Amino acid sequence: MSEFIPVNTPSLTGNERKYVLDCLETGWISSEGSYVNAFEEAFAARVGRKHGIAVANGTAALEVAITSLELPKGSEVIIPAFTIISCALAVVRAGLIPVFVDADPLTWNMDVSKLETKITARTRAIMPVHIYGLPVDMQPVIDLADKHNLYIIEDAAEQIGQTYNEKVCGSFGTLSTFSFYPNKHITTGEGGMIVTDDDYFAERCRSLRNLCFAPERRFLHRELGYNYRMTNLQAALGLAQLEQLDFFIEKKRNMGSLYHELLSGVPGLQLPLRETKFAQNIYWVFGVVLEKSPAINLIDKLKEMGIGTRPFFYPMHQQPVFQNMSWKRSKEQLPVAEHLSEMGLYLPSGLSLTELQIKRVCDTLKEILQS
Ligand SMILES: *Cc1c(COP(=O)(O)O)cnc(C)c1O
């Protein structure tokens, strides 16, 4: 049988080896090391923000960002139902209440037309999360946040380098967050970043990331922080990856185009939109939604035939972990998120994927669907 095609394989062929070796040779391997600052500054500059705060992963970035706001316990934060658990857990861990919004059936992002009905007297923030390849329609989010005096926590983990109306994702939040997990557009193995223009919140995030040491006296603490520091080794990888971001984006877009070319017109298969009014798809992953049968059967068959895939996200309002929490609304229905979660899967989308592999994925997929 031909070789297994994994769902993700990163591309590490730039200066990664050189910079990581530099850490090893100089002995700077912890978070004290010059690559951390260099990566923070280069990354913040790339997304046009004043501050970059590197952390251990994207989930930590969300936790620190939300905690830095010091919202009163029980405040509500509006988040998409169709996303990763990291978004909801950051809200819940901060003692806040997540309020879920359904997804748009075509872009798979938070349906912004349903946002305003979710705003109550207790709402303090909105968390737009750019899903898979297309950004959230940000203008309505910004308008509502202005009107109701809400913070925006923007999760741009899946769309490093994407733009919305020519403004880069990560430039819209009071605080915006990223992940550098190996399937993201750039990777540090594990890693994350918070970016902001706000000096006060930047300082709060730096402090929370590093155990909240008091400025005037080491080992004195007035607040419980986290050790969510990024190491110099990770930042060395990140800096080398960032140098290649434009190339990676182009590569993902070419992969997306090839998938479209090979899969368009296949009956029963919904493909991602190539573009919206405000962005071209960046194809963090190439997701497809089946029209007739749950994705799970196809996932199993593809695996048998040597192709790795992943199911779509599981809806937040149906997560077992939340069912007994006091804030959980019973019998909540968010039909689009539920549909996507049942019928959607994504195909191999890693940066090292070859055209030949994409062709094999598409041939196999068509063979299964037509049998
Ligand atoms: C990957 C991801 C995260 C979590 O990042 P980790 O680095 O894996 O903790 C958060 N939000 C979104 C939208 C993601 O895709």
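A. Looking closely at the nonpolar core. Ranked by internal contacts, the top residues of the largest apolar core, which has 74 residues, are Phe82, Leu115, Met127, Tyr132 and Ile194. Tallying contributions element by element places helix H3 (residues 58-68) first for this core, with six residues. Contact partners of tyrosine 132, with chain neighbours within four places excluded, come to Phe82, Trp108, Glu158, Gln159, Ile282, Tyr283, Trp284, Val285, Phe312, Phe313 and Tyr346. Val36, Met193, Ala235 and Leu351 belong to the second largest nonpolar core, which has 28 residues in total.

B. Seen up close, unusual backbone geometry. Residues other than glycine seldom take positive phi values, yet phenylalanine 219 does so here, at roughly 70°. Its place among the elements puts phenylalanine 219 in strand E11 (residues 217-221). One non-glycine residue with positive phi stands out, namely tyrosine 283, at about 50°. Take tyrosine 283: it is sitting in the loop between strand E12 (269-270) and strand E13 (286-290). Accessibility expressed as a relative area gives 6% for tyrosine 283, which makes it buried.

C. Structural context of helix H6 (residues 199-209). Among all positions in H6, only Phe201, Ala202, Arg204, Cys205, Leu208 and Arg209 are buried. The buried residues of H6 occupy one face: seen down the axis, they fall within an arc of 160°. Of the residues one or two after H6, leucine 211 is the one with positive phi, at around 65°.

D. The environment of proline 105, seen in detail. As for its placement among the helices and strands, proline 105 is situated in the loop between strand E3 (97-101) and strand E4 (123-126). Along the primary structure proline 105 and proline 335 are separated by 230 residues, whereas in three dimensions their C-alpha atoms are 9.6 Å apart. The contact partners of proline 105, leaving out residues within four places of it in the chain, are Gln270 and Val336.

E. Up close: the pattern of salt bridges. All chains considered together, the criterion is met by twelve salt bridges. Here aspartate 246 and arginine 46 are joined by a salt bridge, their closest N and O atoms 2.6 Å apart. Of this pair, aspartate 246 sits in helix H8 (residues 245-263) while arginine 46 is found in helix H2 (residues 34-46), placing the two residues 200 residues apart along the sequence. Given a relative accessible area of 29%, arginine 46 falls into the partly exposed group. Close ionic contact of arginine 122 with glutamate 76 constitutes a salt bridge, the shortest N to O distance being 3.4 Å. Taken as a pair, arginine 122 in the loop between E3 and E4 and glutamate 76 in strand E2 (residues 76-80) lie far apart in primary sequence, 46 residues in all. Residue arginine 122 is classed as partly exposed on the basis of its relative accessible area of 45%.

F. Quick look at the packing of aromatic side chains. Tallying each qualifying case throughout the model produces 27 aromatic pairs. Clustering of aromatic rings is evident, with ring pairs tying together Phe82, Trp108, Tyr132, Trp284, Phe312, Phe313 and Tyr346. The aromatic ring of phenylalanine 213 is capped on one face by arginine 218, whose charged end is 4.0 Å from the ring centroid. The cationic tip of arginine 218 hangs over the ring face of phenylalanine 219; the distance from NZ or CZ to the ring centre is 5.6 Å.

G. Region of the structure containing the side chain of glutamate 63. The topology assignment puts glutamate 63 in helix H3. Buried charge without a partner: glutamate 63 forms no salt bridge, and the closest opposite charge is arginine 93, 4.3 Å away. Of note is the side chain of glutamate 63, whose polar atom sits 2.9 Å from the side chain of tyrosine 228. Those residues in contact with glutamate 63, other than ones at most four positions away along the chain, are Leu89, Ala90, Arg93, Tyr226 and Tyr228.

H. Spotlight on a nonpolar patch on the surface. A cluster of nonpolar side chains, namely Leu21, Leu24 and Ile29, defines an oily patch on the protein surface of about 260 Å² accessible area. If you trace the backbone, isoleucine 29 turns up in the loop between helix H1 (16-26) and H2. You can call isoleucine 29 partly exposed: its relative accessible area is 42%.

Conventions we followed
Per chain, residue numbering runs from 1 following the sequence as it is written. Only residues with pLDDT of at least 70 get local features here, since the model is predicted, and only at 80 or more are side-chain atom pairs given and counted; chain-wide, interface and lining totals rely on the full set of residues. In computing side-chain properties, one takes all heavy atoms of the structure into account and sets aside hydrogens as well as water. To define a nonpolar core, start from buried Ala, Val, Leu, Ile, Met, Phe, Trp, Tyr and Cys residues and group those joined through side-chain atoms within 4.5 Å. Working definition: with a 1.4 Å probe on protein chains only, accessible area under 20% of the residue-type maximum means buried, over 50% means exposed, and in between means partly exposed. A run of H or I in DSSP becomes a helix once it reaches four residues, and a run of E becomes a strand once it reaches two; helices and strands are each numbered from the N terminus. Should any heavy atoms of two residues lie within 4.5 Å, those residues are counted as being in contact. Note that the arc is defined by the directions from the helix axis to the C-beta atoms. Criterion for a salt bridge: a side-chain nitrogen of Lys or Arg within 4 Å of a carboxyl oxygen of Asp or Glu. Pairing of aromatic side chains requires ring centres within 6.5 Å, counting the rings of Phe and Tyr and the six-membered ring of Trp. Pairs whose planes differ by under 30 degrees are stacked, by over 60 edge-to-face, and all others tilted. Two thresholds decide whether a charge sits over a ring: the Lys NZ or Arg CZ must be within 6 Å of the ring centre and within 35 degrees of the ring normal. In this tally Asp and Glu are treated as negative and Lys and Arg as positive; neither His nor the chain ends contributes. Here a polar contact means two N or O atoms within 3.5 Å. Within protein one must be a hydrogen donor candidate and the other an acceptor candidate, and residues neighboring in sequence count only if both atoms are side-chain atoms. Each patch is built from residues lacking any salt bridge and having more than 30% relative accessible area; the joining distance is 9 Å for like charges and 5 Å for nonpolar side chains (Val, Leu, Ile, Met, Phe, Trp, Tyr). Using a 1.4 Å probe, accessible areas were evaluated by the Shrake-Rupley method; residue-level cover was limited to the displayed protein chains.

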